[in-house]
Amino acid sequence: VVLAVDPWALLQPGFWLSFVAVGVLFAGVGHEAADTPRTLRARLLGLLREQWLITLALAPLTLLFFGQVSLIGLLANLLAIPWVTLGVTPLALLGTLWSPLWDAAAWAVQLLGALLTQLAGLPLATLAVAQAPLWAGLAAVLGGLLLVLRLPWPVRLAGLPLLPPALLWQPHAPPPGQFELLAADVGQGNAVLVRTASHALLYDTGPRYANDSDAGQRVLVPLLRAQGVRLDTLVLSHRDSDHTGGAASVLGAQPQARLLSSLDAAHELLAGQASQRCEAGQRWIWDGVQFEVLHPRPEDYGRVRRSNALSCVLRVSSGAQTALLTGDIEKEQEARLLAEGAALRADWLLVPHHGSKTSSTAAFLDAVAPRWALVQAGYRNRYGHPATEVLARYAEREVRLLDSAGCGAASWASAQADRVRCERIERRRYWQHLPSGE
């Protein structure tokens, strides 16, 4: 009946969670004779058993859909279900007869919400794991169902070996001496994840979309969780909101990350946060991969007014392959890097300033000579990024130029430098527009 009314419900996690929960109640809970008396203790034990079965059966599904499972879900349900059933629902229905009861129902909902918020804030309230492939998730779902169904114990215990692949899954990591880039699709802004064999760095955190919504919350935190990434360093190239908009959310989820930025000391993101200014000459090595900050100079702080001019430029190199992350530097900073003889040659370039006409000068592109370049900019953004004349300069040099609006999330590995994976192309959804000729 539900699918007849709404066929798209099949694509919603809530559909599967709800119907699997009901199915578990039917299949996993015993039925007593109608005339069998039940004491209060028996009813409470029955409620506990039912919620335990549902929690156990739905855990693999929540891992499959969300990459995390609640460790306090059983307790939360034991509080919420009786509260809503015996309190909120009767008050709401009786409110049709006497309207002040609706206020009481609203108060009951607010009290429950406050309590559940406190539970959700407890340490280890949820367990997050790397997003396992579909086969591992489905195997775990089957294992969970076997454990809760009323079957002989040898059959039920056969579900246990089906759980570890989803719980212990670890995504592929680059081999020592190599690195991988993942430029997230965050719209108008920069956000690039750099991974080595055992370390990870996030360069910028994308924009803030609204007061209660940003790229960190919507894209980057789920991405890092799904990839099983624990950040070592967060680099914020400069203070513009399309580069720092998701920083608070990322730091909230990854408090151990070291912050490297060009933000001024009074910036709100630095309050109570251990941080370091990015300055040209800073170097470190992770798993045989070299990281070097090329810009800005220490003397630029306090002298330069434009935030773009303070953009942290980061060079990442495996020796054979190099990537250059440029933030929003403009032609003056490009000229300065050229004059200083900075090591600009790179195979992969994050296009400066989203392809603005104030950047990507001919001399700079000749020095970098990239094989690949990526413009991280929003679809039909109000700034007109990337500019037509900039695109022409890249085309003249036969640089393979990608943009996040058409490519989606872009992945590049130093070990496979001749290939970039575009998620919007590799995993195209059927509802996405396919331009003629493609």
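Criteria and cut-off values
- Residues numbered from 1 in each chain as written.
- Predicted model: local features only at pLDDT ≥ 70, side-chain atom pairs only at ≥ 80, totals over all residues.
- Heavy atoms only, no water.
- Axes fitted to C-alpha atoms, helices over the stretch in contact; angles between N-to-C directions.
- Helix = DSSP H or I, 4+ residues; strand = E, 2+ residues; numbered from the N terminus.
- Parallel < 35°, antiparallel > 145°, perpendicular 65-115°, else oblique.
- Left-handed = near helix turned anticlockwise from the far one by under 90°.
- Contact = heavy atoms within 4.5 Å.
- Nonpolar A, V, L, I, M, F, W, Y, C, P; charged D, E, K, R; others polar.
- Pairing = 2+ DSSP bridges.
- 1 Å grid on protein atoms, 1.4 Å probe; cavity = no way out; pocket = protein on both sides within 12 Å on 5 of 7 lines; lining within 4 Å.
- Points joined across faces, edges and corners; volume = space filled by probe spheres on them.

K.L.:
Whenever I open this one, the packing of helix α3 (residues 40-66) against helix α4 (residues 73-94) confuses me. Can you help?
P.N.:
Helix-helix packing: each pair is described by the crossing angle between the helix axes and the interaxial distance. Contact pair α3 / α4: the axes reach a minimum separation of 10 Å and the direction vectors enclose 130 degrees. On the basis of their axis angle, the class for α3 and α4 is oblique. Of the two possible hands of crossing, α3 and α4 adopt the one that is right-handed. Contact residues: α3 offers Leu47, Leu48, Gln51, Trp52 and Thr55, while α4 offers Leu74, Asn77, Leu78, Ile81 and Pro82. Tallied by class, the residues present in the contact of α3 with α4 amount to 7 nonpolar, 3 polar and no charged.

K.L.:
What exactly am I supposed to notice about the sheet that holds strand β12 (residues 289-295) here?
P.N.:
By way of backbone hydrogen bonds, the strands of a sheet pair with one another, either parallel or antiparallel. In spatial order, the strands read β11-β12-β13-β14-β15-β16-β17; together these 7 strands make up an open sheet with mixed pairing. Single-partner strands in this sheet number two, and they are β11 (283-286) and β17 (400-403). For this sheet the average axis-to-axis angle between neighbouring strands, irrespective of direction, equals 20 degrees. Examined bridge by bridge, strand β14 (residues 322-325) and strand β15 (residues 348-350) share 3 bridges and lie parallel to one another.

K.L.:
What is the right way to look at the layout of surface pockets in this model?
P.N.:
A water-sized probe rolled over the atoms picks out the places where empty space is left. A volume near 1500 Å³ is recorded for the largest pocket. Contributing to the lining of the largest pocket are 34 residues, with Leu182, Gln227, Arg421, Glu423 and Arg427 lying nearest its centre. Elements supplying a minimum of two residues to the lining of the largest pocket: β3 (180-183), β4 (192-195), α9 (215-227), β18 (410-413), β19 (416-422) and α16 (423-426). No other element matches the 6 residues that α9 contributes to the lining of the largest pocket. A class-by-class count of the residues in the lining of the largest pocket yields 17 nonpolar, 7 polar and 10 charged.

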